[in-house]
Amino acid sequence: MPDFEIERENVSFWLRVKPRAARERLTVDASGELRLELHAPPTEGQANEACVQFFARALRIPQACVVILSGQKARRKLLRVTGRSAAESIRQIEGSVTSGK
């Protein structure tokens, strides 16, 4: 599983985003990093917005609780999740991961 950084009740983690994918899903690649496949194109921040919406929906928290800290214009992004306990957030993220191809 990926590395999660816990700071009080906040959880930060890196993930790789693949825009214009056939289906939306969260997986773990061979190197152990989270990989989020999205329908949205990478133009005008649409993939970033879809990324935030995906995690807000998966964790059942407001979109304001999911922030992209780094990588707004890159495929590799650093996200921070707030709004609930760190352990609960990690458990739900891990539960949202679908198996391979």
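Cut-offs and rules
Residues numbered from 1 in each chain as written. Predicted model: local features only at pLDDT ≥ 70, side-chain atom pairs only at ≥ 80, totals over all residues. Heavy atoms only, no water. Phe/Tyr/Trp six-rings, centres within 6.5 Å; stacked < 30°, edge-to-face > 60°. Lys NZ or Arg CZ within 6 Å of the ring centre and 35° of its normal. Helix = DSSP H or I, 4+ residues; strand = E, 2+ residues; numbered from the N terminus. Buried < 20%, exposed > 50% of the residue type's maximum accessible area, 1.4 Å probe, protein only. Polar contact = N/O pair within 3.5 Å; in protein donor to acceptor, adjacent residues only side chain to side chain. Expected span 1.5 Å × (residues − 1). Contact = heavy atoms within 4.5 Å. Pairing = 2+ DSSP bridges. Core = buried A, V, L, I, M, F, W, Y, C linked by side-chain atoms within 4.5 Å.

Caption draft 1: View of the packing of aromatic side chains. Evaluation of the coordinates by the stated rule reveals three aromatic pairs. Feature note: the residues F4, F13, F54 and F55 constitute an aromatic cluster, connected by ring pairs. For R76, the ring lying beneath its charged end belongs to W14, and the centroid distance is 4.4 Å.

Caption draft 2: The arrangement of the environment of S31 in detail. Along the polypeptide, S31 turns up in the loop between strand 3 (25–28) and strand 4 (34–37). Among the residues examined, S31 registers a relative accessible area of 64% and is labelled exposed. Separated by 29 residues in the primary sequence, S31 and P2 place their C-alpha atoms 8.9 Å from one another. A distance of 2.8 Å separates the side chain of S31 from the side chain of D29, its partner in a polar contact.

Caption draft 3: Focus on helix 1 (residues 46–59). The end-to-end C-alpha separation of helix 1 is 20 Å, in line with the 20 Å expected for 14 residues at 1.5 Å each. Listing the buried residues of helix 1 in full gives A47, N48, A50, C51, V52, F54, F55, A56 and L59. For helix 1, the secondary structure elements touched by its buried residues are strand 2 (10–18), strand 3, strand 4, strand 5 (66–70), strand 6 (76–81) and helix 2 (86–96). A positive backbone phi angle near 55 degrees is found at R60, which sits one or two residues after helix 1.

Caption draft 4: Inspection of the pairing of strand 2 at higher detail. Pairing geometry for strand 1 (residues 5–7) and strand 2, over three bridges, is antiparallel. Bridge pairing in strand 2 places E7 opposite N10. Between the end of strand 1 and the start of strand 2, which pair antiparallel, lie two residues, with R8 showing a positive phi angle near 55 degrees. With six bridges connecting them, strand 2 and strand 6 associate as antiparallel partners. The partner of S12 across the bridge, within strand 6, is R80.

Caption draft 5: Up close: the pairing of strand 5. In this structure, strand 5 lies alongside strand 6, joined through four bridges in antiparallel fashion. When the sheet's bridge partners are listed, S70 is paired in strand 6 with L78. Hairpin geometry of strand 5 and strand 6 is characterised by an intervening segment of five residues between the two adjacent antiparallel strands and by a positive phi of about 95 degrees at G71.

Caption draft 6: Expanded view of the nonpolar core. Counting 26 residues, the largest nonpolar core has F13, L15, L36, F55, L79 and I93 as the members making the most contacts within it. Contact partners of F55, with chain neighbours within four places excluded, come to F13, L15, L26, L36, V66, L79 and I93.

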